Amino acid sequence: MPHVTIKHFPRDVGEQQRTQLTEELTALVVRHFEVPEGAVSIALEQVDQSSWNDAVIVPEIIGRGHLLIKAPNT
């Protein structure tokens, strides 16, 4: 606890980018949730653009909109 999942369109995320993203997100989560670094997990999930609406928009953004702390610009 806590766990962060980032869903995104397929793209090559290089090792350096992954490392930097991991370090920066982990630091933010540790600071804001006051947990040790070892308690944080992060996942990257590629979602095809053709599936985005059904896989992300409807279930995650519309269906769970009450949980969003930042909504996309629509």
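Calculation notes
- Residues numbered from 1 in each chain as written.
- Predicted model: local features only at pLDDT ≥ 70, side-chain atom pairs only at ≥ 80, totals over all residues.
- Heavy atoms only, no water.
- 1 Å grid on protein atoms, 1.4 Å probe; cavity = no way out; pocket = protein on both sides within 12 Å on 5 of 7 lines; lining within 4 Å.
- Points joined across faces, edges and corners; volume = space filled by probe spheres on them.
- Helix = DSSP H or I, 4+ residues; strand = E, 2+ residues; numbered from the N terminus.
- Phe/Tyr/Trp six-rings, centres within 6.5 Å; stacked < 30°, edge-to-face > 60°.
- Pairing = 2+ DSSP bridges.
- Right-handed = clockwise from strand over helix to strand, strands pointing away.
- Expected span 1.5 Å × (residues − 1).
- Contact = heavy atoms within 4.5 Å.

1. Here's the deal with the layout of surface pockets
- Estimates place the volume of the largest pocket at around 950 Å³.
- Together, 22 residues line the largest pocket, and Val4, Thr5, Ile6, Leu68 and Ile69 are the ones closest to its centre.
- Broken down by secondary-structure element, the contributors of at least two residues to the lining of the largest pocket are β1 (3-8), α1 (15-33) and α2 (52-62).

2. Brief notes about the packing of aromatic side chains
- Summed over the entire model, instances satisfying the criterion amount to one aromatic pair.
- Between the aromatic rings of Phe9 and Trp52, the centroid separation amounts to 5.0 Å while the plane-to-plane angle is 80°, which identifies the pairing as edge-to-face. Here Phe9 is found in the loop between β1 and α1, whereas its partner Trp52 is found in helix α2, with 43 residues between them in sequence.

3. Observations concerning the pairing of strand β2 (residues 41-46)
- Across six bridges, the pairing between β1 and β2 is parallel. Paired with His3 across the strands is Ser41, a residue of β2.
- Read from β1 through α1 to β2, the crossover connection turns out right-handed.

4. Comments concerning α1
- Here α1 spans 26 Å end to end across 19 residues, near enough to the 27 Å set by a 1.5 Å rise per residue.
- Looking at the buried residues of α1, the elements they touch are β1 and β2.
- Where α1 terminates, the next one or two residues include Glu34, which has phi positive at roughly 50°.

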